[in-house]
Amino acid sequence: MQAASQMKLTRGQIIQQLIDSKAFRTYLEIGVFKGKNFLPIRAERKIGVDPAFRIKLSRRLGWLFRNATNLKAEYFEQTSDSFFQNVAPGLIQKSSLDVCLVDGMHEYEYALRDVEHALEYLQQDGVIIMHDCNPASAQAGCTFEQWKAGNFAWDWNGDVWKAILHLRSLRNDIDVFVLDTDMGLGVVAKRPPQQQLNFTKEQIQALTYDDLAANRASWLNLKPAPYIFSYFGI
Ligand SMILES: C[S@@+](CC[C@H](N)C(=O)[O-])C[C@H]1O[C@@H](n2cnc3c(N)ncnc32)[C@H](O)[C@@H]1O
């Protein structure tokens, strides 16, 4: 039998358990693609943002029957930057966002901006989950240009991990750790940081995948997947 500390959980399982246990209402997903994660999530209010949704009509209809909370789901076909600049201020009340999945463009600056924007709307006990924080190989952690040149042939995590280092170094108002599951799920909460790093932005920009590989557990503040449940008291 698998020890609880080694249990692997998906982003969807974790998000749903948080929504159910904490009576969370509002869910925002940045980067939806085919809706593999978005469509099954049950929440009173679901908002999806993607400049290029790839949800087939038949799939969307099927999920209306399987999960009635999709009836009211709101879709915004644009980049997250455009969404946060033009739509979010009139759509989401400050301090009303309960859970946000950041899973759009997997590059340091993009992921960082998405988290910083989402924090403006997050309620005090809410949570931001960041996908792709723990690339298992240099290939998974390559640049977008390399991934494109490889014809998008493998799972790409990019350098989202640098956004974790940035948040842990340069924000003293949030707590950040990464769950060792589902390619690394970053967790961002509005709590004082338990441990900070002291990188500058310039240092982070210069780091390589090999640097991450040599310091993975401490730099990412890596935790076993079930840690998130005790962290949120559920
Ligand atoms: C890995 S997929 C998302 C997967 C989805 N969250 C899931 O769990 O099934 C990444 C998505 O991010 C979208 N994306 C790329 N650039 C983006 C941006 N600037 N803003 C928002 N989404 C973006 C892509 O179109 C793509 O659909």
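For the rest of this paragraph, the subject is the overall build of the chain. In terms of regular secondary structure, the chain is built from nine helices and eight strands. Over its C-alpha trace the chain gives a radius of gyration of 17 Å, about what one expects of a compact globule, namely 17 Å for 234 residues. Along the three orthogonal principal directions, the C-alpha set of the chain runs to about 45 × 45 × 45 Å. Working note: accessible area of the chain is about 11,100 Å², and carbon and sulfur atoms make up 52% of it. For the chain, the separation between the mean place of its 26 positive charges and that of its 26 negative charges on side chains is 6 Å.

Relative to the helices and strands, Lys162 is located in helix H6 (residues 160-170). For Lys162, the residues in contact, after removing those within four places along its chain, are Tyr108, Ile204, Gln205 and Leu207. From its side chain, Lys162 meets the backbone oxygen of Ile204 in a polar contact 3.3 Å long.

It is worth spelling out the nonpolar core at this point. Leu28, Phe83, Ile128, Met130, Leu165 and Val188 are the most contacted members of the largest nonpolar core, which totals 42 residues. Once residues within four sequence positions are removed from consideration, Met130 is found in contact with Val102, Ala111, Val115, Val160, Ala163, Ile164, Leu167, Gly184, Leu185, Gly186 and Val188.

Moving on: the pairing of strand S7 (residues 185-189). For S7, the buried fraction is high: five of the five residues fall into the buried class. Burial along S7 is two-sided: Leu185, Val187 and Ala189 facing one way and Gly186 and Val188 facing the other are all buried. Sheet topology places strand S5 (residues 122-130) next to S7; four bridges connect them, and they run antiparallel. Each residue of the ladder has a partner; that of Ile128, found in S7, is Val188. Relative to S7, strand S6 (residues 175-179) runs antiparallel, the two sharing five bridges. Paired with Val178 across the bridge in S7 is Gly186.

Once that is clear, we can look at the site of the ligand. Among the 16 residues in the neighbourhood of the ligand, the closest are listed as Arg11, Gly31, Asp50, Ser80 and Asp103. A distance of 3.0 Å separates an oxygen atom of the ligand from a polar side-chain atom of Arg11. Within the contact set of the ligand, a nitrogen atom lies 2.7 Å away from a backbone nitrogen or oxygen of Gly31. Against a free-state accessible area of 600 Å², the protein chains account for coverage of 82% of the ligand.

This paragraph deals with a positive patch on the surface. Taken together, the side chains of Lys34, Lys56, Arg59 and Arg66 make up a positively charged region of the molecular surface. Looking at the secondary structure, you find Arg66 in helix H2 (residues 57-66).

This part covers the packing of H6 against helix H8 (residues 209-220). At their nearest, the axes of H6 and H8 sit 11 Å apart, and the two run at 50 degrees to each other. One element, H6, and the other, H8, form an angle in the oblique class. The hand of the H6/H8 crossing is left-handed. In this structure, H6 contributes Trp161, Ile164, Leu165 and Arg168 to the contact, and H8 contributes Tyr209, Leu212, Ser218, Trp219 and Leu220. Of the residues assigned to the contact of H6 with H8, the class counts are seven nonpolar, one polar and one charged.

On to the packing of helix H4 (residues 108-119) against H6. With their axes 7 Å apart at the nearest point, H4 and H6 run at an angle of 50 degrees to one another. The pairing of H4 with H6 is recorded here as oblique in orientation. Seen along the crossing, H4 lies across H6 with a hand that is right-handed. Facing Tyr108, Ala111, Leu112, Val115 and Glu116 of H4, the residues of H6 in contact are Val160, Lys162, Ala163, His166 and Leu167. Split by residue class, the contact of H4 with H6 holds seven nonpolar, one polar and two charged.

This structure, assessed with the given rule, holds eleven salt bridges. As a salt-bridge pair, Asp182 and Arg11 come within 2.8 Å of each other at their nearest N and O atoms. Note that Asp182 is positioned in the loop between S6 and S7 and Arg11 in helix H1 (residues 11-21), a separation of 171 residues in sequence. The same class applies to Asp182 and to Arg11, which are both buried. The residue Asp81 makes a salt bridge to Arg113 at a minimum N-O spacing of 2.7 Å. Note that Asp81 is positioned in helix H3 (residues 80-91) and Arg113 in helix H4, a separation of 32 residues in sequence.

Parameters and conventions
- Residues numbered from 1 in each chain as written.
- Predicted model: local features only at pLDDT ≥ 70, side-chain atom pairs only at ≥ 80, totals over all residues.
- Heavy atoms only, no water.
- Helix = DSSP H or I, 4+ residues; strand = E, 2+ residues; numbered from the N terminus.
- Rg over C-alpha atoms; globule rule 2.2 N^0.38 Å.
- Areas by Shrake-Rupley, 256 points an atom, 1.4 Å probe, with all protein chains shown as cover.
- Lys, Arg positive; Asp, Glu negative; His and termini not counted.
- Charge placed at Lys NZ, Arg CZ, Asp CG, Glu CD.
- Contact = heavy atoms within 4.5 Å.
- Polar contact = N/O pair within 3.5 Å; in protein donor to acceptor, adjacent residues only side chain to side chain.
- Core = buried A, V, L, I, M, F, W, Y, C linked by side-chain atoms within 4.5 Å.
- Buried < 20%, exposed > 50% of the residue type's maximum accessible area, 1.4 Å probe, protein only.
- Pairing = 2+ DSSP bridges.
- Near = heavy atom within 4 Å.
- Patch = residues over 30% accessible without salt bridge, like charges linked within 9 Å, V, L, I, M, F, W, Y side chains within 5 Å.
- Salt bridge = Lys/Arg side-chain N within 4 Å of Asp/Glu carboxyl O.
- Axes fitted to C-alpha atoms, helices over the stretch in contact; angles between N-to-C directions.
- Parallel < 35°, antiparallel > 145°, perpendicular 65-115°, else oblique.
- Left-handed = near helix turned anticlockwise from the far one by under 90°.
- Nonpolar A, V, L, I, M, F, W, Y, C, P; charged D, E, K, R; others polar.

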